[in-house]
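The residues making up each chain are set out below.
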Amino acid sequence: MKFVLILVLFNFQSGSEVIRAEFDDMQACADAALRTFQGVAAAVELRALVPVEGATVLDGTMIAYNADGAETGMYSCSPSRSTNLGE
């Protein structure tokens, strides 16, 4: 099974950057997300996104925070639908 990383780096000056990549396992996907955020700020804390009432989000969506507690981005690692179609 393949996993798709959808990652958004928040940049309020130049606009957010969206990154998409595919991985062979969930841990590799999550590790790549962490490395990406560490490239922006060495100290990163990842926390599960708690959606506001009535909102829907992808399961496992995480928010990245820097050392000051500011949000630096978000990501989700999800099973690839194209992989599931062939199984």
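Everything that follows concerns the structure shown earlier in this document.
These lines cover the structure that appears in this document, whether it is placed above or below. (Residues numbered from 1 in each chain as written. Predicted model: local features only at pLDDT ≥ 70, side-chain atom pairs only at ≥ 80, totals over all residues. Heavy atoms only, no water.)

## Observations concerning the pattern of salt bridges
Operational definition: Any Lys or Arg side-chain nitrogen located within 4 Å of an Asp or Glu carboxyl oxygen qualifies as a salt bridge. Strands here mean DSSP runs of E at least two residues long; helices mean DSSP runs of H or I at least four residues long; both are numbered from the N terminus. Only protein chains enter the accessibility calculation, which uses a 1.4 Å probe; a residue whose area is less than 20% of its type maximum is buried, one above 50% is exposed, and one in between is partly exposed.
This model, assessed by the stated rule, comprises two salt bridges. The salt bridge partner of D24 is K2, with a shortest N-O separation of 2.4 Å. Of this pair, D24 sits in the loop between β2 (17-23) and α1 (26-38) while K2 sits in the segment before β1 (3-9), and the two are 22 residues apart along the sequence. Using a relative accessible area of 55% as the deciding quantity, one classes D24 as exposed. On the accessibility criterion, K2 (30% relative accessible area) is partly exposed. The salt bridge involving E45 is made with R47; its shortest N-O contact spans 3.0 Å. Taking relative accessible area as the criterion, E45 reaches 42% and is therefore assigned partly exposed.

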